[in-house]
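Geometric and topological summary
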Amino acid sequence: MGEPRTVVITGASRGLGFASTVRLYREGWRVVAAMRTPDRGMPLLRAATGAPDDDRLIGVQLDLTDGASVTAAAKAIEEAVGAPYAVVHNAGISAAGMVEETDMALWQKMYATSVLGPVALTQALLPSMRAAGEGRIVLVSSAAGLAAHPR
């Protein structure tokens, strides 16, 4: 049997990213769980998957709002697994409030997490994925982007 395909999932410490990591791991994928705090998130993922010491579940520190973190994460991913077969851009943050009352720094952080960071990570990983001749990039977004909400 060949090597399992590798998927990188951002925002893997909770929510949909956590659930996707558990599901794909259980289906036989090698999963790189990218998150801001792997020291907290990886024990929870290892408990949920039953993988206390399996090299098919790899934690990588990633803060999509920090260019140096994105660069370091891409390097760590390529050193650990080579070219990933898939990258699932799942990380996100949300905030509620009136547009005119929401601080511009929060808008910038949301944009960096949802747009600029994923683009930077894709730019860093895409050359190795192209060289491998295959791969997928998946962008996950919120339903909030499809329907208007009060405030």
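These lines cover the structure that appears in this document, whether it is placed above or below. Since the structure is predicted, the reported quantities are computational estimates derived from the model, not experimental observations.

Remarks on the pairing of strand β1 (residues 6-10)
The buried fraction of β1 is high, at 5 of 5 residues. Where β1 meets strand β2 (residues 30-35), 5 bridges bridge the pair, whose relative direction is parallel. Across the sheet, the residue bridging to Thr10 is Ala34, located in β2. On the question of chirality, the crossover connecting β1 to the parallel β2 by way of helix α1 (residues 15-26) is right-handed. Pairing between β1 and strand β4 (residues 86-89): 3 bridges, direction parallel. Paired with Ile9 across the bridge in β4 is Val88.

Describing the sheet that holds β1
With parallel pairing, the 5 strands of this open sheet are ordered in space as β3-β2-β1-β4-β5. With one partner strand each, in any of the chains shown, β3 (57-61) and β5 (136-139) form the two edges of the open sheet. With direction set aside, neighbouring strand axes in the sheet form an average angle of 15°. The sheet strands contacting helix α2 (residues 38-49) are β2 and β3, and the helix crosses β3 at an angle near 165°.

Description of the environment of Gly67
For Gly67, the location among the structural elements is in helix α3 (residues 67-81). We classify Gly67 as partly exposed; its relative accessible area is 48%. For the pair Gly67 and Leu121, spaced 54 residues apart in the sequence, the C-alpha separation amounts to 9.1 Å.

Re the nonpolar core
In terms of nonpolar packing, the biggest core is built from 17 residues, with Val32, Val60, Leu62, Ile77, Val87, Leu121 and Leu125 touching the most fellow members. If you list the elements that add at least two residues to this core, you get β2, β3, α3 and α4 (104-132). Residue contributions to this core peak at 5 residues, all from α3. Val32 has contacts with Thr6, Val7, Val8, Ile9, Ile58, Val60, Ile77 and Val81, leaving out every residue within four places of it along the chain. With 16 residues, the next largest nonpolar core counts Val7, Ile9, Tyr25 and Leu45 among its residues.

Parameters and conventions
- Residues numbered from 1 in each chain as written.
- Predicted model: local features only at pLDDT ≥ 70, side-chain atom pairs only at ≥ 80, totals over all residues.
- Heavy atoms only, no water.
- Buried < 20%, exposed > 50% of the residue type's maximum accessible area, 1.4 Å probe, protein only.
- Helix = DSSP H or I, 4+ residues; strand = E, 2+ residues; numbered from the N terminus.
- Pairing = 2+ DSSP bridges.
- Right-handed = clockwise from strand over helix to strand, strands pointing away.
- Axes fitted to C-alpha atoms, helices over the stretch in contact; angles between N-to-C directions.
- Contact = heavy atoms within 4.5 Å.
- Core = buried A, V, L, I, M, F, W, Y, C linked by side-chain atoms within 4.5 Å.

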